[in-house]
Amino acid sequence: MTVANGSEPKDNAGATPRGDETPAVTPDNRPSMSDLAAGYAGKAGLQRNSAGHVDMLKSAGGIQGIAESILPGLVFLVVFTITRDLGPSLIAALASAAIFTVVRLVQRRPLTQAVAGIVGVGISAWLANTTGKAEDFYVLGFFTNIAYIAAMVVSIAIKWPVAGLLFGFVRNEGLDWRKDPERLRAYKLGTGIVVAVLALRLVVQVPLYFMGEAGLTALATTRLLMGAPLYILGLWVAWLVTKPATQPSKPSSSAD
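Trainee: So what's going on with the overall build of the protein chain? Which residues, and what values?
Mentor: Scanning the protein chain from N- to C-terminus turns up ten helices and zero strands. For the protein chain, the sequential pattern of α-helices and β-strands runs α-α-α-α-α-α-α-α-α-α. Sorting the 256 residues of the protein chain into buried and exposed places 34% on the buried side. Restricting to contacts in the protein chain with at least 6 residues of sequence separation, those with at least 24 account for 62%. Accessible area of the protein chain: about 15,600 Å², with a carbon and sulfur share of 65%.

Trainee: Quick one: what's the story with helix α9 (residues 216–225), residue by residue and with numbers?
Mentor: Taken together, the buried positions of α9 are Leu216, Leu219, Ala220 and Thr222. Along the axis of α9, the buried positions cluster into a sector of 165°, meaning they face one direction only.

Trainee: Pulling in residues and values, what's your account of the confidence of the model for the protein chain?
Mentor: Averaged over all residues, the pLDDT of the protein chain equals 78, while 71% of them reach at least 70. Helix α1 (residues 33–43) is the least confidently modelled element of the protein chain, averaging 49 in pLDDT, while helix α8 (residues 181–210) averages 96, the highest of any element. Every residue in residues 1–27 scores below 50 in pLDDT, and together they form eight contacts with partners more than four places removed in sequence or on other chains. In the model, residues 247–256 has pLDDT below 50 throughout and makes zero contacts with residues more than four positions away in sequence or in other chains.

Trainee: How would you sum up the pattern of salt bridges? Please name residues and give values.
Mentor: Counted under the stated rule, the structure contains three salt bridges. Note that glutamate 173 and arginine 183 form a salt bridge whose closest N and O atoms lie 3.0 Å from each other. You can see glutamate 173 sitting in the loop between α7 (162–170) and α8 and its partner arginine 183 sitting in helix α8, a full ten residues away along the chain. Residue classification places glutamate 173 among the buried positions, given a relative accessible area of 16%. For arginine 183, a relative accessible area of 10% corresponds to the buried category. The salt bridge partner of aspartate 176 is lysine 179, with a shortest N-O separation of 3.8 Å. Neither residue differs from the other here; aspartate 176 and lysine 179 are each classed as exposed.

Trainee: Would you mind going over the side chain of serine 89 in detail, with residue names and values included?
Mentor: Within the secondary structure, serine 89 sits in helix α4 (residues 86–107). Here the side chain of serine 89 touches aspartate 85 through a polar contact of 2.7 Å, landing on its backbone oxygen. In this structure serine 89 touches Phe76, Val79, Phe80 and Thr83, once residues within four positions along its chain are discounted.

Trainee: Go over the side chain of arginine 201, please, and point to the residues and values.
Mentor: Relative to the elements of secondary structure, arginine 201 occurs in helix α8. Polar contacts involving the side chain of arginine 201 include one to the main-chain carbonyl oxygen of glycine 227, which spans 3.1 Å.

Trainee: Report on α8, specifying residues and quantitative values.
Mentor: The periodicity of an α-helix, 3.6 residues per turn, causes residues three or four positions apart to be oriented the same way. End to end, α8 covers 43 Å across 30 residues, agreeing with the expected 44 Å (1.5 Å per residue, within 8%). Following α8 by one or two positions, glycine 212 adopts a phi angle in the positive range, close to 75°.

Parameters at a glance
- Residues numbered from 1 in each chain as written.
- Predicted model: local features only at pLDDT ≥ 70, side-chain atom pairs only at ≥ 80, totals over all residues.
- Heavy atoms only, no water.
- Helix = DSSP H or I, 4+ residues; strand = E, 2+ residues; numbered from the N terminus.
- Buried < 20%, exposed > 50% of the residue type's maximum accessible area, 1.4 Å probe, protein only.
- Contact = heavy atoms within 4.5 Å.
- Areas by Shrake-Rupley, 256 points an atom, 1.4 Å probe, with all protein chains shown as cover.
- Arc of directions from axis to C-beta.
- pLDDT = per-residue confidence, 0-100.
- Salt bridge = Lys/Arg side-chain N within 4 Å of Asp/Glu carboxyl O.
- Polar contact = N/O pair within 3.5 Å; in protein donor to acceptor, adjacent residues only side chain to side chain.
- Expected span 1.5 Å × (residues − 1).

In structure tokens:
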């Protein structure tokens, strides 16, 4: 068969696409649900281990990430306890946060967590310096907790619980869990556990804040203990509670 100009049609099956053409998506290069799960979970801060479960330590930022979240507040408390001077205490806290940023630069690691940390410490330092109250260094955490609680409560109310959005992708469930009433209830419960952890922080720490400088040491100590360690514990419990029920194996049929 010839085309209109009399030439034979060419077989383009093995042709290389031009630079302005987008290669077709084939079963070989289409991302799997596992790939999508890993990417989504990573962006959300969750990390999977080789067994496909949530790696609690990595999800909290690893050892370095936990140190980045703990040390600025600890440095502030130690320096203020020794000097009773707000200025040097705030400078020391900011310097410790800045050191972590430099360390990440040297390591050529993503700066997102370190930059977020130094911004948070900067705002906390500004609040404490503006009011002249050392306890105000910790007040930003209260508003952060309230924002997270509000977002998670709304997610439960509209039947898109945060635990399902995160754990569902880690478990390769995608969004299919929303079609199963039992899975939906489980992820609502898991989200509720995280909400309870955040609410417990407020219940314990807010009264200490209102004690003023007299409650500063206790406030700082509970902030450390109820920070990353309690978060990891709450995440782990939520993961266990939302674990899918094991499906009974079907008996194999044998020929008579």
